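A closer look at the structure
Residue strings, one per chain:
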Amino acid sequence: MFKRMLMFLIPICVGSLIIAGVLQLILGPKRTDYDNGNAPLFFDSSPVDSSEDYPSYQEYMVLNGEETDEHYVNVYDSLTFKFSGVNAVINCKDDDKATVSVKNDNSERGIRVKLSAAENETAIEIHPTNITFDEQNEDQTNWKNDAFSSDIKSTVIISLPAKEYKKLVLEQGSGIVNINGLNALSSDITLCTGRLSFMGDADYLPESLILKTASGKATFENVHAKSCDLDLGSGSVDISGLMGTGTAKIACGTATMSFDSLSYMDINKDSGTFNLLLPPQTSAGIHAELQEGKIDVKTDVTEKNITESGYYSVGNENTSNLIKVKNLSGDIYITNNSLSPQS
C-alpha cells in the first residue's frame, strides 16, 4: 500500500517543482514591498531594505569608539536639526541623497541618533544619551542647560542635496555646528552655549532669518536675508550680507549686523555693544532714545557722536531709511561695512 502511494506522489511532487521553477523564471524572485508606514527599521550601519525609499524613522546608539557608515534619510522641503554635545558639519552637494555618519570617541557616554522623515519634514536629532530635547523629561539634562566643555569628542557629518528648502529649524545646545551652503527661504535658529558657523550662498536671497542666542557664539557670512530678527543674550553674534530690514534685541552681549542694503533697523539694547555696518553712501534717519551710553556715527557721509535722545540724520535728510534705537547703557557704533567695527 505504502509503495503504491509513493508511486503516486512522486510524479506529483516532481511536476510541482518543475511548474514552480518555470513560474520563477517568468515572474522573477519574490519581493517584499514597503511603504513609509511599514518600512523595516535598522539599528546598525546596514539598512534592511535596499530600496531608495528609506525608513521614515530610525533610532540608534553610537557607543564609545564606534564609527557608523552613512545612514540614509529621505529629504523633504523642511529641515529640523537638534544638536548638543557634538561637533557637527552640514554640507550640501549635487546628490539626491541625504546621509548621516557619526563617530564617538567619548568614553563617558554614548551618542543617540534619531532620523525621521514624514509630513514634508526631515528631522535629525543627535546628542549624548544624558541630554534631552523633550521638555517634559526631567530625568535628563535639558539641551538649553547643557554646558559641555569645548573638548567635543563626537563628530557628526551630514550631507544634503544642494537645492532650495522652504524652512530650516536648528536647535543647538552645546557643541560646535558648521553649516555650508544650505539654502532655505526661512531659517529659525536657537543657540544656547555652543558655537555656530553658517556660510551662505553668495547668489541666494532668502526671505528671513530668526536667530535667538543665550551665551553662545554665532557667525553668519553671505546671509542675504531680506529680514533678520536677532534676540541676543550674553553671547556674541556676527552677521554679514543682510539686505532690507532688521531688528536686534540685546541683553548684554556683543553683536555686529552688516547690511549690503538697508531700509529699516530697530535696535533695543539693555547693555553690551552693538555694531551696525551700512553700505557705502547710505543715508538714514536715527530716532534715538538714550538713558546711558552713546551712538558713535562714523560713515562716509556723516560723523557725529550722539549722547542725547532725539532725531538725527546720517547723510541726506530726506531719506526714507530709518534706524530706531532704544539704549539703556553701553555703546552703539554705526559705520560702513567697508570699515572695521569696534570690538
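This is a predicted model, so every value here is computed, not measured. (Residues numbered from 1 in each chain as written. Predicted model: local features only at pLDDT ≥ 70, side-chain atom pairs only at ≥ 80, totals over all residues. Heavy atoms only, no water.)

1. Side note on the overall build of the protein chain
When you go through the protein chain residue by residue, the secondary structure sums to one helix and 26 strands. The buried share among the 343 residues of the protein chain stands at 42%. Residue pairs at least 24 apart in sequence account for 51% of intrachain contacts in the protein chain once pairs closer than 6 positions are excluded. Accessible surface, the protein chain as shown: approximately 17500 Å² in total, 49% of it carbon and sulfur. (Helix = DSSP H or I, 4+ residues; strand = E, 2+ residues; numbered from the N terminus. Buried < 20%, exposed > 50% of the residue type's maximum accessible area, 1.4 Å probe, protein only. Contact = heavy atoms within 4.5 Å. Areas by Shrake-Rupley, 256 points an atom, 1.4 Å probe, with all protein chains shown as cover.)

2. Points about empty space enclosed by the protein
The rolling of a water-molecule-sized probe over the atoms marks out the regions of remaining empty space. In total, this model carries two cavities of 30 Å³ or more according to the counting rule given. The volume enclosed by the largest cavity comes to roughly 120 Å³. Lining the largest cavity we find 16 residues, and of these Leu182, Ala184, Phe198, Pro206 and Val223 sit closest to its centre. Elements supplying a minimum of two residues to the lining of the largest cavity: strand E13 (183-191) and strand E15 (208-213). Looking at the lining of the largest cavity, the element that brings in the most residues is E13, giving three residues. Along the lines of polarity and charge, the residues of the lining of the largest cavity split into nine nonpolar, six polar and one charged. (1 Å grid on protein atoms, 1.4 Å probe; cavity = no way out; pocket = protein on both sides within 12 Å on 5 of 7 lines; lining within 4 Å. Points joined across faces, edges and corners; volume = space filled by probe spheres on them. Nonpolar A, V, L, I, M, F, W, Y, C, P; charged D, E, K, R; others polar.)

3. Brief notes about the packing of aromatic side chains
This model, assessed by the stated rule, comprises four aromatic pairs. Each ring, one from Phe133 and one from Trp143, has its centre 5.1 Å from the other, and the planes form 15 degrees; the classification is stacked. Highlighted residues: Phe133 in the loop between strand E8 (131-132) and strand E9 (141-142) and Trp143 in the loop between E9 and strand E10 (154-161), separated in sequence by ten residues. Its relative accessible area of 3% is what places Trp143 among the buried residues. Seen in terms of ring centroids, Phe198 and Phe220 are 5.5 Å apart; in terms of plane orientation they differ by 20 degrees. Their pairing is stacked. Taken together, the positions of Phe198 in strand E14 (residues 195-199) and Phe220 in strand E16 (residues 217-221) put the pair 22 residues apart, joining distant regions of the chain. (Phe/Tyr/Trp six-rings, centres within 6.5 Å; stacked < 30°, edge-to-face > 60°.)

4. Some words on the pairing of strand E17 (residues 227-232)
Side chains Cys228, Leu230 and Leu232 project from E17 onto a buried face, and the interleaved Ser227, Asp229 and Asp231 project onto a face without burial. Note: E15 against E17, six bridges, orientation parallel. Looking across to E17, one finds that Leu209 is bridged to Cys228. With six bridges joining them, E17 and strand E18 (residues 236-250) adopt parallel strand pairing. Counted as the bridge partner of Leu232 is Ile250 from E18. (Pairing = 2+ DSSP bridges.)

5. Digging into unusual backbone geometry
Phi at Asn120 is positive, roughly 65 degrees, even though this residue is not glycine. As for its position among the elements, Asn120 is in the loop between strand E6 (111-118) and strand E7 (121-128). Since its relative accessible area comes to 34%, Asn120 is described here as partly exposed.

6. A look at the nonpolar core
Soluble globular proteins tend to bury their nonpolar side chains together. With 67 residues, the main nonpolar core has Phe81, Phe83 and Ile323 as its most contacted residues. With six residues, strand E19 (residues 254-269) is the largest single contributor of residues to this core. Among residues more than four places away in sequence, those in contact with Phe81 are Ile90, Ile124, Ile158, Leu160, Leu168, Val169, Leu170, Glu171 and Leu182. (Core = buried A, V, L, I, M, F, W, Y, C linked by side-chain atoms within 4.5 Å.)

7. Some remarks on the side chain of Thr80
Turning to its location among the elements, Thr80 is positioned in strand E3 (residues 78-83). Residue Thr80 is classed as buried on the basis of its relative accessible area, which comes to 9%. A distance of 2.6 Å separates polar atoms of two side chains, one belonging to Thr80 and the other to Glu121. (Polar contact = N/O pair within 3.5 Å; in protein donor to acceptor, adjacent residues only side chain to side chain.)

8. Some remarks on the confidence of the model for the protein chain
Chain-level pLDDT for the protein chain is 86 on average; 83% of the residues reach the 70-or-more range. Between residues 1-10, whose pLDDT stays under 50, and residues either more than four places distant or in other chains, the model counts one contact. The low-confidence segment residues 16-51, where pLDDT is below 50, has 28 contacts with residues more than four positions distant or belonging to other chains. (pLDDT = per-residue confidence, 0-100.)

9. Overview of the pairing of E7
Counting buried positions along E7 yields seven of eight residues, so the element is predominantly enclosed. Here E3 pairs with E7 via six bridges, running parallel. Following the sheet pairing, Thr80 is matched in E7 by Ala123. Sheet topology note: the E6/E7 ladder contains eight bridges and is antiparallel. The residue bridging Arg112 from the neighbouring strand is His127, located in E7. Hairpin connection, E6 to E7: the antiparallel pair is bridged by two residues, and Glu119 has positive phi, about 50 degrees.

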